Amino acid sequence: MDFVELEAIEGLRWSWNSWPTTKSDCESLVVPLSIMSTPLIHFSELPTLPYDPLICSPCRAVLNPYARLDYQSRIWACPFCLHKNSLPRSYAGITATNLPAELFPTYSAVEYSPPANGIGGEIGPAFVFVVDVCMAEEELRALRSEIMLVIEQLPESSLVGLITFDSMVRVYDLGFSECSKVVVFHGERELPPQQIQQFLGLGYSKQIHHGKVSGIRKQSFLLPLAECEFNLISAFEEIVQLVDVKPGHRPHRSTGTAISTALGLLEGCGVTTGARIMVFTSGPATRGPGIVVDSDLSRSIRTHRDIITGQVLYYDRSCKFYKRIAKRLCDSSAALDLFACSLDQVGAAELRYAVEMSGGFLLLGETFESEQFKKCIRHIFSRDADGNLNMCFDVTLEVVTTKDIKICGALGPVVSLRRKNDIVSDTEIGEGGTYTWKTSTATSKTCVSFFFQVSNEQNRKPKPGSAFFIQFITRYRYGNGRVRKRVTTVARRWVAGKSPEIASGFDQETAASVMARLAINRAEECYARDVIRWLDDGLIRFASRFGDYIQEDPSSFRLTPNFSLYPQFMFYLRRSQFLDVFNNSPDETGFFRLMLNREGVVNSIIMIQPTLLRYSFDGPPVPVLLDIRSVTPDAILLFDSYFYVVIHHGLKIAQWRKQEYHKDSNHETFRNLLEAPEMDVVQLVSDRIPMPRIVRCDQHGSQARFLLAKLNPSVTQKTDHTGGSDVVLTDDLCLEDFLADLQSLAVRK
């Protein structure tokens, strides 16, 4: 079964493609029943229907190819609840040979885009630019230049606002053209939304003034670009650092107050077309709500050890503040984007929850002059073939299942709306207790993991061989303001607990991605060693359940090809940066976990177990084992861990390159060898946002650590190393020893 081809048809990856009929059999699988859904994935063929979907009145499922139709009586039976619904007059001409697209068996997904009723397109989405003015002048200049390019490309109907911050927060009045006019908020104070709106003059009701009724006061802080483009550009050009930094101190930044003020502005203006708060900063917050560290440089910024031991003054308080911000962002359908370019931490660990749950972007870079930042912001504001912003706002995800399945929850950039019905389980995983989730924005790559369980209520269990159905309904507002609804309906079969179809339907890559999300979810509350122990216990039970062996004989242990890669994925997950936070800052760990929690299966697997290609004179590039033995003097290695890509030159290759043999026309083959990985890297990183860091290094060079840290340490200072292989100085367990220990534990009685 080719799961990648199936994903191209359905937009889904299942950990198990055949489900047992009883709850106990499902629990024995160890890996939970889960589906990784990419709701807005690009399909090669997706029917777009210019009318509203037909909905089953009891269960709210949408008409789909699995519905039974009675053409004479014009009735359709819902496959989820079996309720019979009448077809409206618009379906009068329907016959077995004349079906609408939503009933075609070849379409797992269809998209409904009804007419806009003359409302859509008048007002575009809102963008509030929140700029840290404490950054260096050259950084401010580079940022200003890039934002100017973005503004030039924005549709004129887009709403725009500008806020700058240092120790104070300034909201620009873009409707006032005589001079720069701002409303200033003190950075130390955490004001409620109502008070922010009151100071900005928003939300006034009708009043009687001199015997006349005056309407709501017109605000000028968030205006259509067509009305304020000149004032906005002028305001950007005038931005300068206003406060000198005291020696021995960090700049005073009130990042949390600035974000809360921007959100209060959006709430007060009642934006319904979707919004983004885009924060550009170059350092940590040092005052006000969301503070990360004191301004005094003698106080170092928090580390993982500080957080674990509780020796942090502000971390918990700031995290709670941003969780409140995340709730308000969800209610307002506003996304929070953080572009942090600094050589130090900026507080992304505290901000992560608000960014992730609103579906926003998080970029950790070194400078606003970098290609990484430029590519990221240009990608966000890219347009489709019709000239519309390629953005999706106000995204809600709804799941409908047959009666024998219950929904446990979801892991990903979504928030539970706490809406319950009969198919919602009491067991919650991640964002649970609901059949509907929401996020403020999503892309074509945003992926959410959904978890299910078999109910078996009243001792009723489905028959093996019968089908069950799951439907995903995604409602979103596209960049042109039109509301669309995408409906994906899929079917699988129930099987007996010992059926061979369970093994053949196991997707190892999806299972590893799901377990990785569960692991980082646990890591937020538990120590890393406890999470690793939980992974190990699960892997031992998994190997014991699906391995072929003679009890108490480890040498007899075998796993079929359908399961053989899964232990290897778990080995690399255990030693990945998601769980092993050594040598990573809290900001970096937060970024890594955020990306894993939103990317699809293919990219998640690259994060867990990076890929390694070998380039040599022997022929075209070939994949090789992620092992220290793959490092040889006469080859080039291309290492891809998703977050960074390494081009590693062997010792001989590096020497020839330094002697400039590649510039000699007699050594064209060598020049081609050097160019091949460089060309592949360009293609590799072309569609990744944020763009990964590219590292070029030589064998035994200092930068080679990026590669060596991820390789399986099969040759160490403790082993007999012969054959000229490199040696890894480590006490870590190698893959061979890990699998041997797994076998010995799995075969025990």
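Right above here is the structure, for reference.
Note that this is a predicted model, so its numbers are computed, not measured.

## Overview of the environment of F127
- Along the chain, F127 falls in strand β9 (residues 126–132).
- Looking at F127, the relative accessible area reads 0%, which means it is buried.
- Between the C-alpha atom of F127 and that of D306, which follows or precedes it by 179 residues, the distance is 36 Å.
- Setting aside residues up to four positions removed in sequence, F127 forms contacts with L154, S158, L159, V160, G161, R276, M278, F381, L389 and M391.

## A closer look at the sheet that holds strand β1 (residues 12–14)
- If you trace the 5 strands from one edge of the open sheet to the other, you get β1-β3-β24-β20-β22, paired in mixed fashion. The open sheet is flanked by β1 and β22 (424–430), the only strands paired with a single partner. On average, adjacent strands in this sheet sit at an angle of 25 degrees to one another, irrespective of strand direction.
- As paired elements, strand β3 (residues 33–37) and strand β24 (residues 448–454) share 5 bridges and run antiparallel to each other.

## Things to note about the nonpolar core
- Counting residues in hydrophobic clusters, the biggest one holds 143 residues, and the most contacted among them are W16, W19 and I470.
- If you tally residues by element for this core, the top one is helix α12 (residues 508–523), at 9 residues.
- Leaving out residues up to four positions away in the same chain, W16 has contacts with L29, V31, P32, L33, I502, G505, F506, F542, F546 and F563.

## Details of the sheet that holds strand β6 (residues 75–77)
- Strand order in the open sheet made by the 3 strands is β5-β6-β7, with antiparallel pairing throughout. The open sheet terminates on both sides in strands that have one partner only, identified here as β5 (68–70) and β7 (84–86). The average undirected angle you get between the axes of adjacent strands in this sheet is 25 degrees.
- The pairing of β5 with β6 spans 3 bridges and is antiparallel. Looking at β6, one finds that D70 is bridged to I75.

## A few points about the environment of L626
- Mapped onto the fold, L626 is located in the loop between β30 (619–623) and β31 (636–640).
- On the basis of relative accessible area, L626 is assigned to the buried category, the value being 7%.
- Ignoring any residue separated from it by four or fewer positions in sequence, one finds L626 in contact with Y572, Q609, P610, L612, F639, K710, L711 and N712.

## Observations concerning the side chain of D337
- For D337, the location among the structural elements is in strand β17 (residues 334–341).
- Overall, D337 belongs to the buried group, its relative accessible area being 0%.
- Side-chain polar atoms of D337 contact the side chain of R276, separated by 2.7 Å.
- Separated by 2.7 Å, the side chain of D337 and the backbone nitrogen of F361 make a polar contact.
- With residues up to four places along the chain from it excluded, the contact list for D337 reads R276, I277, M278, V279, G360 and F361.

## A look at a nonpolar patch on the surface
- Side chains of V240, L242 and V243 sit close together on the surface and give an oily, nonpolar patch of about 240 Å² of accessible area.
- Mapped onto the fold, L242 is located in the loop between α5 (225–237) and α6 (255–269).
- Classification of L242 by relative accessible area gives exposed; the value is 54%.

## With respect to the pattern of salt bridges
- Applying the stated rule across the entire model yields 37 salt bridges.
- Here D166 and R170 are joined by a salt bridge, their closest N and O atoms 3.2 Å apart. Per residue, the accessibility class of D166 equals that of R170, and both read buried.
- With a closest N to O distance of 2.6 Å, R352 and E524 form a salt bridge. You can see R352 sitting in helix α9 (residues 348–357) and its partner E524 sitting in the loop between α12 and α13 (528–546), a full 172 residues away along the chain.
- One network of salt bridges, with partners in common, ties together E7, R13, D507 and E509.

Reading the values: the criteria
Residues numbered from 1 in each chain as written. Predicted model: local features only at pLDDT ≥ 70, side-chain atom pairs only at ≥ 80, totals over all residues. Heavy atoms only, no water. Helix = DSSP H or I, 4+ residues; strand = E, 2+ residues; numbered from the N terminus. Buried < 20%, exposed > 50% of the residue type's maximum accessible area, 1.4 Å probe, protein only. Contact = heavy atoms within 4.5 Å. Pairing = 2+ DSSP bridges. Axes fitted to C-alpha atoms, helices over the stretch in contact; angles between N-to-C directions. Core = buried A, V, L, I, M, F, W, Y, C linked by side-chain atoms within 4.5 Å. Polar contact = N/O pair within 3.5 Å; in protein donor to acceptor, adjacent residues only side chain to side chain. Patch = residues over 30% accessible without salt bridge, like charges linked within 9 Å, V, L, I, M, F, W, Y side chains within 5 Å. Areas by Shrake-Rupley, 256 points an atom, 1.4 Å probe, with all protein chains shown as cover. Salt bridge = Lys/Arg side-chain N within 4 Å of Asp/Glu carboxyl O.

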